[in-house]
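Structural overview
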Amino acid sequence: MKFLLIVVFCKLGFSLAQEESYLDRYEGGEESAANDRAAADGGGDRGDRGDVSTSTPPMPVGKLFDVDRWEVYDILDLDSVSTEETEEGIRVHFRFNFHNTVEKHIPELCYMTLENITIFNSYLLDKQCLEEFESVSPQCRGFRCNIVRYFLEHGAQIYLDVMNAPSLKEGLEVVNREILAAFEKLDMCTCGRQFFKAAFKCAPYCQANALYDLLTEANSILSYYRFAWNIDVKSFSKVFDRLLAGFCEESSHGMCINSIVNGLEKMLDLVNTTMEEYEDYDDGNRDFQKRQEKRCDALFGPIRAWTKDDSDLDYFDFEGEEQIEFVLNKTAAVSKAFYCKRSCRNDESRTAMYPCCLRKMLEDKKLFDSIAKAGESLYKVTPPIDLDEMNFWAYAGYLYQFKEELQKRANWTVPARIRDAVMRTVHAAKYCDGNILKCTN
């Protein structure tokens, strides 16, 4: 888990640098070149173009995710007549078409009951799912309504704030703040858990009209039910519930999920330092690189752990379990290099990425047992889903031809060595040689 975050942020750092260069060259470059040519010819209006460019707020996060400013304007209603003055200032809303599409379902989500639901007046709900949602505690029955209202009221502003954030780190700060507000406002830690348990329970049997609109072909409907009836929905539900319960644990930053996001913010500092100095590292001799790899304020050590065996999957002729184990052993080495370097164990960059509430989640054996069962069920259900286009005789022939292979797949369980490699990747702090890394409250 944490290693993946390290890799993701390294990738985002490279992407951001490349994206800024690309946008400067192609988005701004073409306009500048055109203006220069026009000015040289004595024509054009460079001032007008410059005003358009400078009046648009910079959006590094939007650029990072390849979101053009006009795509934002297509979603959000940014005209002066569409903004609402609140105690917090001007609040932005979604454009009318999108807002109206969501809002028209509020009566169904807020006021539909088992007494008045029919196949003609419901779209998102069916009787079975509504019965499950109504079975939650009385104070939580309005959750399905509240979450949609909260999305309509706050979603547009959150989206704009994240897209307009000057940096990815400041975008994460917005996410951190809004997560805490949403969890508290919606009582996610109580009502959210009950709602999602009900949703998982009814999902395999859902007959909502929306499902038939989404899956228009008969084979698609059959695939959905074949998939939903054969995967281990209970295990998926347990995984989601235990993760949500872990995120809701109290921490020094409010909730555990806020402590995790705070750790990601610290990680971004390391990523930025690494990206700024990577060229010098790459061009330096081995002695210089070794000194850089000992630093606690950069990620040269973990990068070296990934590349030092000079192994590339493209050059190895293996697949399946061998390939998975090979990758996980490399990720475990990277995670160990990050958490277990003795000189960095007490550094804020490491302790921030290892809050005690996260350690508690990573030590939850039942959570990882459920993840393993859920993964096994996905692996076993794949062949039947891929055979929907076959007729009966072709399907029967396939089952006969690959009988042994399918039986082997049906009996497959996650090997102990792969599970061990997963744990050494996501919870490397527990496997450090010598003293175990201390968590932070």
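None of the values given here were measured: they were computed from a predicted structure.

This part covers the nonpolar core. Core analysis: the largest hydrophobic core is formed by 65 residues, its most contacted members being Leu76, Leu125, Phe183, Met267, Phe338 and Tyr339. Elements supplying a minimum of two residues to this core: α3 (60-64), α6 (106-111), α7 (127-134), α8 (143-163), α9 (168-186), α10 (188-202), α14 (256-283) and α17 (321-339). The biggest single contributor to this core is α8, with 9 residues. Other than its neighbours up to four places away in sequence, Leu125 contacts Glu108, Leu109, Met112, Ile117, Leu130, Phe133, Arg144 and Ala208. Formed by 11 residues, the second largest nonpolar core is a distinct cluster that contains Val239, Ile260, Leu358 and Phe368.

A few words now on a positive patch on the surface. Together, Lys234, Lys238, Lys366 and Lys373 make up a positively charged patch on the protein surface. At the level of elements, α13 (233-247) and α20 (365-386) are the ones that each hand at least two residues to the positive patch. Among the structural elements, Lys238 can be located in helix α13.

This brings us to the confidence of the model for the chain. Per-chain confidence: the chain averages 81 in pLDDT, with 78% of residues scoring 70 or above. Mean pLDDT across the secondary structure elements of the chain bottoms out at helix α2 (residues 46-55), with 33, and peaks at α13, with 97. Counting interchain partners and residues more than four positions distant, the pLDDT-below-50 stretch residues 7-58 has 38 contacts.

Below, the discussion takes up the packing of α14 against helix α15 (residues 286-293). Between α14 and α15, whose axes approach to 8 Å, the crossing angle comes to 145°. Along the contact surface, α14 presents Glu277, Asp280, Tyr281 and Asp282, while α15 presents Phe288, Gln289, Gln292 and Glu293. Residues of the contact of α14 with α15, tallied by class, amount to 2 nonpolar, 2 polar and 4 charged.

The terminal C-alpha atoms of α17, which comprises 19 residues, lie 26 Å apart, in line with the 27 Å expected from a rise of 1.5 Å per residue. Listing the buried residues of α17 in full gives Phe326, Leu328, Lys330, Thr331, Ala332, Val334, Ser335, Ala337, Phe338 and Tyr339.

What follows covers the environment of Arg69. Tracing the sequence through the fold places Arg69 in helix α4 (residues 69-75). Sequence separation between Arg69 and Asn164 is 95 residues, and the spatial gap between their C-alpha atoms is 9.5 Å.

Each value, and the rule that gives it
- Each chain has its residues counted from 1, running along the sequence as written.
- For this predicted model, a pLDDT threshold of at least 70 governs which residues receive local features, and a threshold of 80 or more governs which side-chain atom pairs are given and counted, while totals over whole chains, interfaces and linings are taken from all residues.
- By convention in this description, side-chain values take in all heavy atoms of the structure and omit both hydrogens and water.
- Among buried residues, those of type Ala, Val, Leu, Ile, Met, Phe, Trp, Tyr and Cys that are joined through side-chain atoms within 4.5 Å constitute a nonpolar core.
- For every residue, the accessible area obtained with a 1.4 Å probe (protein chains only) is divided by the maximum for its type, and the residue is called buried under 20%, exposed over 50%, and partly exposed between those limits.
- Put simply, DSSP marks the helices as runs of H or I at least four residues long and the strands as runs of E at least two long, and each gets a number from the N terminus on.
- The contact criterion used throughout is that any non-hydrogen atoms of two residues lie within 4.5 Å.
- What goes into a patch is any residue over 30% in relative accessible area without a salt bridge, connected to like charges within 9 Å or, for nonpolar side chains (Val, Leu, Ile, Met, Phe, Trp, Tyr), within 5 Å.
- Surface accessibility in these figures is a Shrake-Rupley result with a 1.4 Å probe; residues are shielded only by whichever protein chains are displayed.
- Each salt bridge in this description consists of a side-chain nitrogen of Lys or Arg and a carboxyl oxygen of Asp or Glu lying within 4 Å of one another.
- In summary, the charge assignment counts Lys and Arg as positive and Asp and Glu as negative, without counting His or the chain termini.
- To locate a charge, take NZ of a lysine, CZ of an arginine, CG of an aspartate or CD of a glutamate.
- The predictor rates its confidence in each residue with pLDDT, a number between 0 and 100.
- Fitting a line to C-alpha atoms yields each axis, with helices limited to the stretch in contact; the angle taken between N-to-C directions then spans 0 to 180 degrees.
- Just so you know the grouping, Ala, Val, Leu, Ile, Met, Phe, Trp, Tyr, Cys and Pro go in nonpolar, Asp, Glu, Lys and Arg go in charged, and all remaining residues, Gly too, go in polar.
- Under the convention used throughout, the expected extent of a helix is 1.5 Å for every residue step, that is, one less than its residue count.

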